[in-house]
Amino acid sequence: GDLVHIGVGDRVPADLRLGEAVNLLIDESSFTGETEPVPKQHECIQSAGQLAVINQTNIAFMGTLVASGHGKGVVIGTGEQSAFGEVV
């Protein structure tokens, strides 16, 4: 996938697996209903099974808004192949 840089005010263009996250907070209210921006990280998440969307802290989701910080990620889903596309 493509490498995408995101910063304050950017709308995330696709689902991204973050490889860099510097003080990154993302407003996911349009997607999850969370009222506060969610802190994001680039570290791998250890899990024995499927993670809920709110626990996927190393993913920036398509259509959400960068509230603070910046990051870089590799595109892992677009359109109907994104987490948002699965909901719609």
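About the thresholds
- Residues numbered from 1 in each chain as written.
- Predicted model: local features only at pLDDT ≥ 70, side-chain atom pairs only at ≥ 80, totals over all residues.
- Heavy atoms only, no water.
- Salt bridge = Lys/Arg side-chain N within 4 Å of Asp/Glu carboxyl O.
- Helix = DSSP H or I, 4+ residues; strand = E, 2+ residues; numbered from the N terminus.
- Buried < 20%, exposed > 50% of the residue type's maximum accessible area, 1.4 Å probe, protein only.
- Polar contact = N/O pair within 3.5 Å; in protein donor to acceptor, adjacent residues only side chain to side chain.
- Contact = heavy atoms within 4.5 Å.
- Core = buried A, V, L, I, M, F, W, Y, C linked by side-chain atoms within 4.5 Å.

S.K.: Quick one: what's the story with the pattern of salt bridges, residue by residue and with numbers?
M.R.: This model, assessed by the stated rule, comprises one salt bridge. Between Glu28 and Lys40 there is a salt bridge; the shortest N-O distance is 2.7 Å. Here Glu28, found in the loop between strand E2 (15–27) and strand E3 (38–39), pairs with Lys40, found in the loop between E3 and strand E4 (59–60); they are twelve residues apart in sequence, far enough to count as distant. Residue Lys40 is classed as buried on the basis of its relative accessible area, which comes to 8%.

S.K.: I'd like a rundown of the side chain of Glu28, residues and numbers included.
M.R.: Classification of Glu28 as buried rests on a relative accessible area of 1%. Within the local environment of Glu28, its side chain forms a polar contact with the side chain of Lys40, the two groups lying 2.7 Å apart. Sequence-distant contacts of Glu28, defined by excluding residues within four places in its chain, comprise Gly33, Val38, Lys40, Ile59, Phe61 and Thr64.

S.K.: Just give me the short version of the nonpolar core, but keep the residues and values in it.
M.R.: If you look at the biggest cluster of nonpolar residues, it comprises twelve residues: Val4, Ile6, Val12, Ala14, Leu16, Leu18, Ala21, Leu24, Ile26, Ala60, Val66 and Val75. When residues of this core are traced back to their parent elements, those giving at least two are strand E1 (3–7), E2 and strand E5 (65–77). No other element matches E2, which puts five residues into this core. In this view, Val12 contacts Ile6, Ile26, Ala60, Phe61, Met62, Gly63, Thr64 and Val66; residues no more than four positions away in its chain are not counted.

S.K.: How would you explain the side chain of Thr64 if you had to name every residue and give the values?
M.R.: By the secondary structure assignment, Thr64 is in the loop between E4 and E5. Engagement of the side chain of Thr64 in a polar contact is seen with the backbone oxygen of Phe61, the distance being 2.6 Å. Not counting the four nearest positions on each side in its chain, Thr64 is found in contact with Asp10, Arg11, Val12, Ile26, Asp27, Glu28, Ser30 and Phe31.

Just geometry here; none of it tells us what the structure is for.
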